[in-house]
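Residues per chain, in single letters:
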Amino acid sequence: MAGDWFNDSFRSEYAKQQESMGRFNLAIFGKTGVGKSTLVNAIFGEEIARTGIGEPVTQDSHLYLGRAGNLGVIDTKGLEVGLDNKKLLGELNDMVKKSRKQDLSEQIHVAWYCVRGMDRRFEQSEAEFIRRLDELGIPVVLVLTQVPLREGRYHPDAIQLAQQIAAMELPIVGGRPYLTQAMHDAFSGHPAHGLQDLLDATFRVAPDAVKGALVAAQQIDHKRKAQEAQKHIVIAAGASAAAAASPIPFSDAAMLVPIQLGMMARIAQIYKIKFEKAAFLAIASTTAATQAGRATFTGLLKLVPGVGTAAGGAIGAGVASTYTFAIGQAWAAVCKRVAAGKVPQVNGVLDNKAVHDIFMEEFRKRLKMRQPDEPPAR
Ligand SMILES: Nc1nc2c(ncn2[C@@H]2O[C@H](COP(=O)(O)OP(=O)(O)O)[C@@H](O)[C@H]2O)c(=O)[nH]1
Ligand SMILES: [Mg+2]
């Protein structure tokens, strides 16, 4: 089957990229009902909610790890912060110590400590819990949840609580609570608020090596996704230029394919597109599997200016990088549109032709642009 090489290669690149992105792990604390799960859903989407609370991190543990894609959420079940601090902190201590010997992707990177903004109470036992989290080396973002906002003003009770907490000089990110509302408030008609600030604070303290996973896992900051996609397009274009540093014969352009598939797999994951869907989209975009295999993928190469006229059909660094760059931009355009739900469907299935058109339009557009490393046309 013509499609087999494509599916197999793409699957392997997808797995490699998933592995290299790792997992961002968020621990979430606060009393039952303050809105922890709602907040996680608002920022990371429904997928994490569908996985349920997850698995206990060890046998008999009250800490549960739920995983979805590049995200891990550590939640508590059966113990309450404030009431069961000793037991809870004991279990956390065990988890942190054990995970220090493991990969960064197994560690807790950031904690959100949630307090309902209208509760008017923040107990000493909660402050103590936060200090202990800090001592365990976990950055704590303090979140006030369900804070009413009207005509640009927070509810005075929430402001008062925020000031009271800030005055305690706790080891919290930014030195103050983050005021949020995770849902559209049907009563005041006010939309959700404070989520981007909370996410930005989380980015500030997340380890660099898992920031990519955090970019992919969150679903409210589209700009960060676009920037992350650009970063990987530039990397892949550079790798393609290096591969063709001494010009390669046209027939060897297949050596660029793994670079391009890796880039496409990475971008798909930045936009939370699962393998099966990504493979379908990639085939629709490039028509790679509908014709005679690998050579078809490189068939797009014929559209790159300069290729047809190059002596002996050789591909140099400039052409290779332009080619990969244009594929990256075209693919990012497809992923972005799909993630936004803006690609037409036919009988509940994404429309092949529409996907191909989005890809080709962007691809051709990018080929017309001069690349930064290309000498001006004479
Ligand atoms: N209006 C409003 N309701 C919320 C908000 N966050 C949570 N809720 C509601 O509060 C209840 C408890 O939320 P949940 O996320 O399950 O709390 P958890 O126990 O801390 O995980 C649910 O009925 C939510 O719909 C919010 O930001 N605004
Ligand atoms: Mg919950």
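These numbers were taken from a predicted model, which means no experiment stands behind them.

Regarding the overall build of the chain
Step number 1: Broken down by element type, the chain carries 14 helices and 13 strands.
Step number 2: Dimensions of the chain, computed from C-alpha atoms along their principal axes, come out at roughly 75 × 50 × 45 Å.
Step number 3: When each of the 378 residues of the chain is scored for burial, the buried share is 41%.
Step number 4: Here the contacts in the chain between residues at least 6 apart in sequence split such that 73% fall between residues at least 24 apart.

Structural notes on the site of ligand 1
Step number 1: Around ligand 1, 14 residues are found, and the nearest of them are Gly35, Lys36, Ser37, Thr38 and Ala182.
Step number 2: The leading source of residues in the shell around ligand 1 is helix H2 (residues 36-44), at 3 residues.
Step number 3: Here the residues of the shell around ligand 1 are counted per class, giving 3 nonpolar, 9 polar and 2 charged.

Topic: the domain arrangement of the chain
Step number 1: Once the domains are mapped, the chain shows domain 1 (21-217) and domain 2 (221-368).
Step number 2: Using only C-alpha atoms to locate each centre, domain 1 and domain 2 end up separated by 38 Å.
Step number 3: Listed by contribution, the elements that provide at least two residues to the side of domain 1 that touches domain 2 are helix H7 (195-205) and helix H8 (211-217).
Step number 4: A total of 3 residues in the side of domain 1 that touches domain 2 trace back to one element, the largest contributor, which is H8.
Step number 5: Taken together, the residues of the side of domain 1 that touches domain 2 sort by class into 4 nonpolar, 3 polar and no charged.

Let's talk about the packing of helix H10 (residues 257-270) against helix H13 (residues 317-339)
Step number 1: Contact pair H10 / H13: the axes reach a minimum separation of 10 Å and the direction vectors enclose 25°. Taken together, the axes of H10 and H13 lie roughly parallel to each other. Where H10 crosses over H13, the handedness of that crossing is right-handed. Residues Ile259, Gln260, Met263, Met264, Ile267 and Ala268 of H10 lie in contact with H13, whose contacting residues are Thr324, Ile327, Gly328, Trp331, Ala332 and Cys335.
Step number 2: Among the residues forming the contact of H10 with H13, the class breakdown is 9 nonpolar, 3 polar and no charged.

Section: the packing of helix H9 (residues 222-243) against H10
Step number 1: H10 packs onto H9 with a crossing angle of 175° between their chain directions and a minimal axis gap of 10 Å. Considered as vectors, H9 and H10 are oriented roughly antiparallel to each other. Packed against H9, whose contacting residues are Lys225, Glu228, Ala229, His232, Ile233, Ala236, Ala239, Ser240 and Ala243, the element H10 presents Ile259, Gln260, Gly262, Met263, Arg266, Ile267 and Ile270 at the interface.
Step number 2: Here the residues of the contact of H9 with H10 sort into 9 nonpolar, 4 polar and 3 charged.

Quick notes on unusual backbone geometry
Step number 1: Not every positive phi belongs to a glycine, and glutamine 146 is a case in point at roughly 50°.
Step number 2: Of note, glutamine 146 is situated in the loop between strand E6 (140-145) and strand E7 (149-150).
Step number 3: For glutamine 146, a count of 23 C-beta atoms within 10 Å puts it in the buried group.

Here we look at the environment of histidine 62
Step number 1: As for its placement among the helices and strands, histidine 62 is situated in the loop between strand E2 (55-56) and strand E3 (63-68).
Step number 2: Taking the C-beta count within 10 Å as the criterion, histidine 62 has 17 such neighbours and is therefore assigned partly exposed.
Step number 3: With 12 residues separating them in the primary sequence, histidine 62 and isoleucine 74 have C-alpha atoms 10.0 Å apart.
Step number 4: Residues in contact with histidine 62, not counting those within four places in the same chain, are Thr76, Lys77, Gly78, Leu79, Leu88 and Glu91.

Calculation rules
Residues numbered from 1 in each chain as written. Chains lettered and ligands numbered in written order. Predicted model: local features only at pLDDT ≥ 70, side-chain atom pairs only at ≥ 80, totals over all residues. Helix = DSSP H or I, 4+ residues; strand = E, 2+ residues; numbered from the N terminus. Buried ≥ 20, exposed ≤ 12 C-beta atoms within 10 Å, placed from the backbone. Contact = placed C-beta atoms within 7 Å. Near = placed C-beta within 6 Å. Nonpolar A, V, L, I, M, F, W, Y, C, P; charged D, E, K, R; others polar. Domains from an automatic or database assignment. Axes fitted to C-alpha atoms, helices over the stretch in contact; angles between N-to-C directions. Parallel < 35°, antiparallel > 145°, perpendicular 65-115°, else oblique. Left-handed = near helix turned anticlockwise from the far one by under 90°.

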